[in-house]
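# Inside the fold
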Amino acid sequence: MHWLNNISIKWRILMSFFFFLFLFIAFGTFSLFQMKTLFNLTQNLYDHPFTVSNAAQRANTGVIRIHRTMKDVSTSTNAFELQQAIIEVQYQERLVYQNLDIVKNNILGVEGRELVQETIDMFAGWKPIRKMVIDLVASEQYEEAREITKNKGANYVDKLERQMAKLSGYAHSKAKGFLMDASSVWQGIAVLIILLIIIVTLIFIFILTVVLRSINQNISHLVDTMSLFHTTGNLKKADIIGTNEISDLSSHFNNLIERLEIQIWQRDGLNLFNEELSGEPDYSNLLQKGINFICRFVEACVGAVYSYSEQEQCSQLVSSYAFVERQYIANQFRNGEGIVGQVALEKTPILLNNIQRNKAEGISGTAAEAPRHIYALPLIYEGRLLGVLEVASFTEINENKREVLDECGKIMSTFSNAARQNQRVQELYSITQQANKDLESKTKELNASNEQLSALNQELQLQADELKVQKTELERQRQQVQEADRLKSEFLSNMSHELRTPLNSVLALSQLMIRQGTGKDEEKEHEYLNIIERNGKRLLSLINDILDLSKIEAGRVELETSKFSSSELMKRVVETVTPLVNTDKVTLDLNVEENLQIQSDERKIQQIMLNLVSNAVKFTESGSIKLKVSKDSNEVHWSVKDTGIGIEPGEMDNIFSEFRQVDGSISRKHEGTGLGLAISQKLAEKLGGTINVESTLGKGSTFTLQLPEKTQTDLNYEPSNPEGYTSAQHSLEVNPKEFIREKKPVLLIVEDNEVTAHQIHSILKEENYSFLMASSGLEAVKILKHNVSDAVILDLMMPEVDSFQVLEYLQLSDATMKTPVLVLTAKDLTEQHREKLVYNNVQELTHQGSINKDQLLSAINGLFAFKTDLHTIKRNPVSQELLNEEKPFSKEPWDCKILIVEDNPDNLVTIGAILDTLSYNHISVAHGEKALDMMKWENPDLVLMDIQLPGLSGIDAIKKVRKDPELSKIPVVCLTAKAMKGDKESLLKEGFDDYVSKPIDPDDVRVVLKKWIKA
């Protein structure tokens, strides 16, 4: 196989590659043909059986969901539930038709196409039955609707399910046939592939052995040569015959050996040159030694060193080797004169080869000859020219010699500079000695100045440190101000939303009832009044929270301590929050130690526990809420443990901060102002305790109120209790016998607020009390002069003659001095106020907004020591004539469809009522994602969208609407409680077409509808 040595390894590899490429192409072509057949079978197996079967299963699922939804239709009790069920049926119907179209497009065979068409016709035949049920429900014929759904509808669904099963069975039958064909093709391909692999492997082993053997011989010789160099250090060249890559590698190896020999020669020469110049401090001797060594080492016949003068701009000969002076050869060159001057000017080496002149000669004792080659180079140290080195040689000054000369020039420059510096140091030393003597006399003078400068420097350093501290403090304050501004903006925005949301329902429904009058639809009017009352109480709660926090921050919270039962307090808390609990998903457990008494402020503790339990209810969608009260040593622990959403670790430090919420975004799911926990913690501290919290994100939280069993007197204010003064919130100590009567007494009501007076009037009239009304303190005094009242209900804050003057008037007459008085106030009384209420039979009833009927009757009964039955308040809405206005629209309202996107049920009813008065058709959804789907299905004429929605916020929803060509032309108007400066502009910039702020004015809605709904 020696002939292979003349074939390069590349060609050997290429020959092997093309041979295997031929085999690979042949094998691949055959395999591709067979795999194409297998792919076609597999494609048919997927496109027909699985696609058809899966689509049939999804269609069958849609039929079942439609049937289940039709059951909901037959049992729906109001128009809203019916509308939602109809929308779900229409949605599932579209999905069934889509899946049947997939079956129709992919099924194979005439029998399959006939079967799917039969299924489509059968499904279409079900629609009249569903329409019949919907019409019956709409006409409130519920029994007939349920009967048709249960019998005729269920039978039709059974037929459809059997038809879907036929489709799946037909698809599976086709799949089995395709699977058998694919298996047969695969077996043939497997046998052929195994045979080809065996043949190709044998051929590959043979060719690889021949090629590797030819390559291995030459590589072994090269490896042996390298091993000899590694073990002995001898530089030996390799001897390999041939014209291939290995011979080329051997040639490169030999070149490397030659280069190493040159580098060793250069290294040894430079080391010897360093040794030659080391230890020579004299500048002239140093240069002479240097030129002598260089010329001998590079075999130069002549050499010279010129020293450069910066001031004179010229180079002067200072040392030479075998140099004979001639009249025509100068010893000094200015910059640019001759080769030496040119090198000094450019600071760049110059090489002259093959010189033909005989001006410069190399002279020995027997002969003289002109050198053929000259090399001149600058001597430079740190960019500064020190001189020029010039050598001449009979032989060529090749690149290797030039490299040595360049390195020697650098070494000579370094030593020359050191020698010059040493010479300069010696010169300066003598000057320094004289200068030192002069300095000694001045040193003493400077020492005094240095001490003053040192003191000044310390003072400046202290000022710099102080400025640094002030800068750090200012930066911290700036960050605090920025954070405070951010929290203020977030709180004001959230508070605006919290206030405007209930105000929307109160004002809008009130205006609606004023315009359309009352008595037309009592059920709907009663619902409107319930919404107004519920949202009014919510507004009152928000205002009370703000006032409570204000009083706490101002230090005006006063505690009323009494001994009470913790179990009774917790039962009241549970009774209050129970209506808010979804009992189907959340269990509420109470565990209180029996006979556990505590001496503290009962109302404050109840307020704290209501906040904690209400939060647990709000943030717990499923699981349990466990309330526990236990005693430990001298402390009472009130714990609320829930399985709600929990709190992120990074937010634990902020939950008790006022005006802060864990989630202040517009897409937050849980509303609130963020004041409840802040108020609770501050009240707990006033009571001598604290609130601790433990929480795991996604698993729940535990809030624990820790209070002393008996509140210490130095931690709170204990109000004075003048003789006879009681509070309606606590036990009443009166003499029952003194006030027992046959009939109910006559009461004098002194109240300047018309709404509160009307409430009291309605409650007393319903309970058959006899009463007189006074709207001011002066009017009350006039009535008391001519009428004797059994008791007085007195508002504490009155114009003109205030309530305290009325009380003084009662004490002036024997007939009125023992008249029981119930003081009404909307705020907690201060110590000074209570000191004025020193009269007998004076009670206090604190109300924060609406008068509570039960509390009022209980307080009146306490005055006369007898009981009355408590009844619920019957609400009589105020009637006014409907304001008839011209409502010109470019499209008739009843032909339009409005989509309402609102998650608040009260606001949804309010907006729906406004649209009803304007004769608009409307549908509603509570989520942003659902709104996008509804816009595609229903194509409404206009969308009224709230901003704060759970999940996908209104802003995120409008961005998706504007990106969707199908939806971008639908006008979208934002309904929002964000009504601060700049909110409208920012929302319109987000993509909304118009803006309506809450509380919603029906006139604003009418104008917007007129503006955006076109014919």
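Since the structure is predicted, the reported quantities are computational estimates derived from the model, not experimental observations. (Residues numbered from 1 in each chain as written. Predicted model: local features only at pLDDT ≥ 70, side-chain atom pairs only at ≥ 80, totals over all residues. Heavy atoms only, no water.)

This part takes up the packing of aromatic side chains. Inspection of every chain in the model, using the stated rule, returns seven aromatic pairs. Residues Trp 265 and Phe 297 carry aromatic rings whose centres are separated by 4.7 Å and whose planes lie at 10° to one another, so their mutual orientation is stacked. Taken together, the positions of Trp 265 in helix 6 (residues 245-277) and Phe 297 in helix 7 (residues 283-298) put the pair 32 residues apart, joining distant regions of the chain. Members of the aromatic cluster, connected to one another through ring pairs, are Trp 265, Phe 273, Phe 293 and Phe 297. Sitting above the plane of the Trp 126 ring, Arg 130 keeps its charged end 4.8 Å from the centroid. Lying across the ring of Tyr 91, Lys 930 places its NZ or CZ 5.9 Å from the centre. (Phe/Tyr/Trp six-rings, centres within 6.5 Å; stacked < 30°, edge-to-face > 60°. Helix = DSSP H or I, 4+ residues; strand = E, 2+ residues; numbered from the N terminus. Lys NZ or Arg CZ within 6 Å of the ring centre and 35° of its normal.)

Peptide bonds are trans in most cases, and residues, glycine excluded, mostly fall at negative phi. Phi at Glu 299 is positive, roughly 60°, even though this residue is not glycine. Accessibility expressed as a relative area gives 57% for Glu 299, which makes it exposed. Positive phi values are uncommon outside glycine, yet Asn 939 reaches one of about 50°. (Buried < 20%, exposed > 50% of the residue type's maximum accessible area, 1.4 Å probe, protein only.)

The next subject is the nonpolar core. Counting residues in hydrophobic clusters, the biggest one holds 39 residues, and the most contacted among them are Ile 605, Met 609, Trp 638, Phe 703 and Leu 705. Elements with a minimum of two residues in this core: helix 11 (566-577), strand 10 (586-592), helix 12 (602-618), strand 12 (623-632), strand 13 (635-642), helix 13 (676-686), strand 14 (690-696) and strand 15 (700-708). Sorting elements by how many residues they give to this core places helix 12 first, with seven residues. Formed by 36 residues, the second largest nonpolar core is a distinct cluster that contains Met 70, Leu 115, Trp 126 and Tyr 170. (Core = buried A, V, L, I, M, F, W, Y, C linked by side-chain atoms within 4.5 Å.)

This model, assessed by the stated rule, comprises 16 salt bridges. Among the salt bridges present, the one from Arg 267 reaches Asp 268, with a minimum N-O distance of 3.5 Å. Overlapping salt bridges, with partners in common, bring together Glu 93, Lys 127 and Arg 130 in one network. (Salt bridge = Lys/Arg side-chain N within 4 Å of Asp/Glu carboxyl O.)

Attention shifts here to the pairing of strand 1 (residues 302-309). Counted residue by residue, strand 1 has seven buried out of eight residues, so it is predominantly covered. Here strand 1 runs beside strand 8 (residues 384-393); their pairing, made up of six bridges, is antiparallel. Note on strand 8: the bridge partner recorded for Val 302 is Ala 392. By the bridge criterion, seven bridges tie strand 1 to strand 2 (residues 314-321) in an arrangement that is antiparallel. Bridged to Gly 303 within strand 2 is Tyr 321. In this structure, the hairpin formed by strand 1 and strand 2 is closed by a connection of four residues, where Gln 313 is found at a positive phi of approximately 55°. (Pairing = 2+ DSSP bridges.)

Interaxial distance between helix 11 and helix 12 falls to 10 Å at its minimum, and their mutual angle equals 40°. In terms of orientation, helix 11 and helix 12 fall into the oblique class. You can see that helix 11 and helix 12 cross each other, and the crossing is right-handed. For the pair helix 11 and helix 12, contact is made by Leu 569, Met 570, Arg 572, Val 573, Thr 576 and Val 577 and by Glu 602, Ile 605, Gln 606, Met 609, Leu 610, Val 613 and Ser 614, respectively. (Axes fitted to C-alpha atoms, helices over the stretch in contact; angles between N-to-C directions. Parallel < 35°, antiparallel > 145°, perpendicular 65-115°, else oblique. Left-handed = near helix turned anticlockwise from the far one by under 90°. Contact = heavy atoms within 4.5 Å.)

Bringing the sheet that holds strand 1 into the picture now. Taken together, the six strands give an open sheet; going across it, the order is 3-2-1-8-7-4, and neighbouring strands pair in antiparallel fashion. Each of the sheet's edge strands pairs with one partner strand only, and the pair in question is strand 3 (332-334) and strand 4 (350-352). Along the sheet, successive strands turn relative to each other by an average axial angle of 20°, direction set aside. Docked against the sheet, helix 7 engages strand 1, strand 2 and strand 8, running at close to 60° with respect to strand 2. In this fold helix 8 (residues 338-346) packs onto strand 1, strand 2, strand 3, strand 4, strand 7 (373-381) and strand 8, with an angle of close to 145° to the strand it touches most, strand 8.

With twelve residues, helix 4 (residues 127-138) ought to run about 16 Å at 1.5 Å a step, and its terminal C-alpha atoms sit 16 Å apart, in line with that. Residues of helix 4 that are buried: Ile 129, Arg 130, Val 133, Ile 134, Leu 136 and Val 137. Axial view of helix 4: buried residues confined to an arc of 160°, hence all on one face. Exposed positions of helix 4 whose direction lies more than 90 degrees from the buried face are Pro 128, Lys 131 and Ala 138. Glu 140 occupies a position one or two residues after helix 4 and carries a positive phi of about 65°. (Expected span 1.5 Å × (residues − 1). Arc of directions from axis to C-beta.)

With parallel pairing, the five strands of this open sheet are ordered in space as 23-22-24-25-26. Among the strands making up the open sheet, the edge pair consists of strand 23 (921-925) and strand 26 (994-997). Here the average twist between neighbouring strands, direction ignored, is 20°. As paired elements, strand 22 (residues 897-901) and strand 24 (residues 942-946) share four bridges and run parallel to each other. For Leu 899, the partnering residue across the bridge sits in strand 24 and is Val 943.

Note on placement: Ala 344 falls in helix 8. Judged by relative accessible area, Ala 344 falls into the buried class, the value being 3%. Distance from Ala 344 to Val 388, taken between C-alpha atoms, is 6.7 Å for residues 44 residues apart in sequence. Beyond its immediate chain neighbours, meaning those up to four positions away, Ala 344 contacts Tyr 308, Ser 315, Asn 335, Leu 385 and Val 388.

Attention now goes to the packing of helix 12 against helix 13. At a closest axis distance of 9 Å, the pairing of helix 12 and helix 13 adopts a crossing angle of 145°. Helix-helix and strand crossings are classified by hand; for helix 12 and helix 13 the assignment is left-handed. Judged by residue contacts, Lys 604, Gln 607, Ile 608, Asn 611, Leu 612 and Asn 615 of helix 12 engage Gly 676, Leu 677, Ile 679, Ser 680, Leu 683 and Ala 684 from helix 13.

Relative to the elements of secondary structure, Glu 310 occurs in the loop between strand 1 and strand 2. Sequence separation between Glu 310 and Leu 385 is 75 residues; the distance between their C-alpha atoms is 8.2 Å.

This part takes up the confidence of the model for the protein chain. Looking at the protein chain, the pLDDT average stands at 75 and 74% of residues meet or exceed 70. Here residues 663-669 is a poorly scored stretch, pLDDT under 50, and it has 21 contacts once near neighbours within four places are set aside; other chains count. (pLDDT = per-residue confidence, 0-100.)

One can find His 67 in helix 1 (residues 9-75). The class for His 67 is buried, based on a relative accessible area of 12%. Discounting chain neighbours no more than four positions away, the residues touching His 67 are Trp 126, Thr 149, Gly 153, Ala 154 and Val 157.

Let's shift gears to a negative patch on the surface. A contiguous patch of negative charge on the surface is contributed by Glu 111, Glu 114, Glu 118 and Asp 121. For Glu 114, the position within the fold is in helix 3 (residues 110-124). Of the residues examined, Glu 114 reaches a relative accessible area of 52% and is grouped as exposed. (Patch = residues over 30% accessible without salt bridge, like charges linked within 9 Å, V, L, I, M, F, W, Y side chains within 5 Å. Areas by Shrake-Rupley, 256 points an atom, 1.4 Å probe, with all protein chains shown as cover. Lys, Arg positive; Asp, Glu negative; His and termini not counted. Charge placed at Lys NZ, Arg CZ, Asp CG, Glu CD.)

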